[in-house]
Amino acid sequence: MAVAESVLPSVASLTVRTGRGAGAGSASVITSDGYLLTSAHVVAGASLATAAFSNGTTLQADVVGRDPLSDLAVLLARGDVPPPVTLGDAARLRVGQLVVALGNPLGLAGSVTAGIVSALGRSLPTASGRVVDEVVQTDAALNPGNSGGVLADSAGRMVGVNTALAGIGVGLAVPINTTTREIITALMTTGRVRRAWLGIVGAQVPLPPHLVERIGSPTGLQIAGVSPGSPAALADLHRGDIVVELDGSRVVTATAVQKLMVEDAIDRRIEITVWRNGALVDVIVFPRELVA
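These numbers were taken from a predicted model, which means no experiment stands behind them.

1. As for the overall build of the chain
Phase 1: If you tally the helices and strands in the chain, you get five helices and 20 strands.
Phase 2: In terms of overall dimensions, the chain is globule-like: its C-alpha atoms have a radius of gyration of 21 Å, near the 19 Å expected for 292 residues.
Phase 3: Along the first, second and third principal axes, the C-alpha atoms of the chain reach 70 × 40 × 30 Å.
Phase 4: Going through the 292 residues of the chain one by one, you find that 47% of them count as buried.
Phase 5: A total of about 13,600 Å² of accessible surface is found on the chain, and carbon and sulfur atoms cover 54% of it.
Phase 6: Side chains of the chain give 21 positive and 23 negative charges; the mean places of these two sets differ by 3 Å.

2. Here we look at the environment of Ala-4
Phase 1: Tracing the backbone shows Ala-4 in helix 1 (residues 2-7).
Phase 2: For Ala-4, a relative accessible area of 22% gives the class partly exposed.
Phase 3: In the structure, Ala-4 is positioned 199 residues away from Ala-203 in sequence and 43 Å away in space, judged by C-alpha atoms.
Phase 4: With near-sequence residues (within four places) excluded, Ala-4 lies in contact with Pro-9, Leu-102 and Val-112.

3. Some words on the sheet that holds strand 15 (residues 200-206)
Phase 1: The five strands lie next to each other as 15-16-17-18-19, forming an open sheet whose pairing is antiparallel. Of all strands in the sheet, those bounded by a partner on one side alone are strand 15 and strand 19 (279-285). Neighbour to neighbour, the strand axes of the sheet diverge by 40° on average, direction disregarded.
Phase 2: Across seven bridges, the pairing between strand 15 and strand 16 (residues 219-226) is antiparallel. Each residue of the ladder has a partner; that of Pro-206, found in strand 16, is Thr-219.

Conventions adopted
- Residues numbered from 1 in each chain as written.
- Predicted model: local features only at pLDDT ≥ 70, side-chain atom pairs only at ≥ 80, totals over all residues.
- Heavy atoms only, no water.
- Helix = DSSP H or I, 4+ residues; strand = E, 2+ residues; numbered from the N terminus.
- Rg over C-alpha atoms; globule rule 2.2 N^0.38 Å.
- Buried < 20%, exposed > 50% of the residue type's maximum accessible area, 1.4 Å probe, protein only.
- Areas by Shrake-Rupley, 256 points an atom, 1.4 Å probe, with all protein chains shown as cover.
- Lys, Arg positive; Asp, Glu negative; His and termini not counted.
- Charge placed at Lys NZ, Arg CZ, Asp CG, Glu CD.
- Contact = heavy atoms within 4.5 Å.
- Pairing = 2+ DSSP bridges.
- Axes fitted to C-alpha atoms, helices over the stretch in contact; angles between N-to-C directions.

Written as structure tokens, this is what we have:
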């Protein structure tokens with residue numbers, strides 16, 4: 001009850017109209033000067049949305065920025081908004097912890113459901129082909145329209161943005177953590193998120209025992225493809241190379257590569273060590289900015 005009373009006034013029912021028709025979702029107030037947070041897919045193709053709050057206030061809100069790769073979007077309301085939600089940290093969540101989902105499912109504004117954190121560290125595929133990491137899985141009931149709404153802990157802190165219904169009793173939320181806070185800030189200030197691009201795809205493979213002993217990691221990332229003209233291609237990385245060290249880290253996964261490809265990596269010198277033809281080879285690469 002306390003969570004509902006404190007958080008629900010800051011959660012809006014969002015209505016969006018595009019050339020493809022009307023859509024609905026949820027959004028939450030994150031700053032006192034009118035910024036709202038929602039899911040990117042809720043406002044896809046839209047520049048304007050209507051936000052309706054439980055106190056009867058209805059406002060127009062401009063889409064300031066969308067980031068489909070994280071499924072987050074920021075809007076700016078044209079008027080006064082209720083107090084912002086308190087942002088928490090999903091990194092502090094534990095499996096079994098109570099969480100509350102607040103939003104606008106099936107057009108039923110101001111709905112509240114409760115459940116527990118069923119699992120942490122899930123991955124959520126996006127339409128872009130990339131995945132959102134560290135996704136929170138909950139059994140709190142979610143339905144169409146919940147997307148963009150608040151997943152709160154028992155103290156009323158927003159720890160996730162409800163984004164998907166994966167099945168009966170399986171809901172997913174993009175976490176509020178250090179990474180997503182940076183994304184939200186970038187969307188508020190510049191309207192977009194800059195990312196670096198390496199130009200490889202790969203899969204995790206086990207390493208031979210003698211190499212495991214030598215580098216201290218049981219697996220590496222075997223390159224399955226290199227995009228022509230990409231930074232990886234210019235650095236002479238090849239299909240079949242197994243990446244065993246990336247920018248000083250010996251735990252190399254596809255997720256680790258994706259996490260490294262942030263704005264700070266653009267045009268920065270990055271050293272990669274690969275296992276190639278029975279030898280360790282050092283390669284220097286300069287990631288470029290990813291252009292959608």
